[in-house]
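Observations on chain architecture
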Amino acid sequence: MYTTLISVAQLQDLQHSGQPLAVFDCTFDLMQPTQGHAQYMAQHIAGAQHADLDEHLATHDPALRVNGGRHPLPQREVFAAWLQSTGVNNNTQVVVYDRNGMNYCGRLWWMLKWCGHDAVAVLDGGLQAWVAAGGAVTAGEDHPSAATSAEGNFALREPLVELVHTTTVSARLNTGTQTIVDARGAPRYRGEVEPLDPVAGHIPGALNRPFNTNLNAEGFFKSPAELRAEFAALLGNAKPENVVHHCGSGVSAVPNVLAMEVAGLGRTALYAGSWSEWCNTPGLPCEKS
């Protein structure tokens, strides 16, 4: 079972093993939301289905969401129904990837853990690594492979990750019981620019670790030792188990969640509403620095 990262070679072996396998391309473009699917249609790993951030990994129906912000999580039951439609079962090894620095695919990785499915891994290096290694690619729409049934029997289980909400983050401010890590770029964190949300700045006391700092120059995750040293420097005396990750809308925070797990620091919490929910909630403090 692969539960964090999977290499190109390991995925190729899995493809030939006959084990139940589902691969999802999570390519997306925040500024041009329709481009993710267009890029998938132009080229993707052979057999991969598309998982769209707006259509499948978030909901904008107030009756179906579990949090606020720009990309609210759908209820677990809604998400499980979509997983069934893709042919995913409880014994399926899921592999997720994108061509965006492993940013958007982390959302699907985390959501599967949230639904109790541990057998999900991020393809290290993304589509670029796959193509560079000569992996098979195709164009057009792919559907559930022969390794899965046409309609999966995925069933919800107890969450394997912690989701925290605005009320919890707010109540724990200045109590010493949480350490907030903000995955947005430094200029947004400092409040110098804000291209997406109505208020610039960050949650008071939050530390800043842009999600792309988890990758090396070749576009792969840094080694566990490197990541562990960097998070130790960031956190100082703060306990890793008290970390709560956030970003703009709960998506790019996940690479930090994954990186801490790869580093051996445990599975830490996600504030999925993130800055887009926080700064739109009346009465909550916002800080610039």
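Residues numbered from 1 in each chain as written. Predicted model: local features only at pLDDT ≥ 70, side-chain atom pairs only at ≥ 80, totals over all residues. Heavy atoms only, no water.

Evaluated as defined, the whole model comprises twelve salt bridges. Where lysine 113 meets aspartate 118, a salt bridge forms, and the shortest distance between an N and an O atom there is 2.8 Å. Overall, the relative accessible area of 0% leaves lysine 113 in the buried class. Through salt bridges with shared partners, a single ionic network connects Arg70, Asp182, Arg184, Arg188, Glu194 and Asp197. (Salt bridge = Lys/Arg side-chain N within 4 Å of Asp/Glu carboxyl O. Buried < 20%, exposed > 50% of the residue type's maximum accessible area, 1.4 Å probe, protein only.)

This part is about the sheet that holds strand S5 (residues 93–97). Reading across the sheet, the five strands line up as S1-S6-S5-S2-S4 and stay open at both edges, with parallel pairing between neighbours. Every other strand in the sheet has two partners, leaving strand S1 (5–6) and strand S4 (49–50) as the edge strands with one partner each. Two strands pair when backbone bridges link them, and S1 and strand S6 (residues 120–123) are joined in this way by two bridges, in the parallel orientation. From the neighbouring strand, leucine 5 faces S6, where its bridge partner is valine 122. (Pairing = 2+ DSSP bridges. Helix = DSSP H or I, 4+ residues; strand = E, 2+ residues; numbered from the N terminus.)

Scanning the model with the defined rule gives five aromatic pairs in all. Between phenylalanine 79 and tryptophan 82 the ring centres are 5.9 Å apart and the planes differ by 25°, which places this aromatic pair in the stacked class. Here tryptophan 82 and phenylalanine 79 lie together in helix H3 (residues 76–85), a separation of three residues that amounts to about one turn. The interplanar angle of 80° and the centroid separation of 6.5 Å between the aromatic rings of tyrosine 271 and tryptophan 278 together place this pair among those described as edge-to-face. Of the residues examined, tryptophan 278 reaches a relative accessible area of 0% and is grouped as buried. Site record: aromatic cluster; members linked through ring pairs are Phe24, Phe79 and Trp82. Of note, arginine 209 hangs over the ring of phenylalanine 231, and the distance from its end group to the ring centre comes to 4.4 Å. (Phe/Tyr/Trp six-rings, centres within 6.5 Å; stacked < 30°, edge-to-face > 60°. Lys NZ or Arg CZ within 6 Å of the ring centre and 35° of its normal.)

This part takes up the environment of valine 243. Note on placement: valine 243 falls in strand S11 (residues 243–246). Between the C-alpha atom of valine 243 and that of threonine 177, which follows or precedes it by 66 residues, the distance is 8.9 Å. Every residue in contact with valine 243, bar those within four places of it in the chain, is listed here: Thr179, Val181, Leu235, Met260, Thr268 and Ala269. (Contact = heavy atoms within 4.5 Å.)

Turning next to helix H9 (residues 254–262). Taking burial as the measure, the nine residues of H9 include nine buried ones, the bulk of the element. What H9 keeps buried is the set Val254, Pro255, Asn256, Val257, Leu258, Ala259, Met260, Glu261 and Val262. Backbone geometry just downstream of H9 places glycine 264 in the positive-phi region, at approximately 85°.

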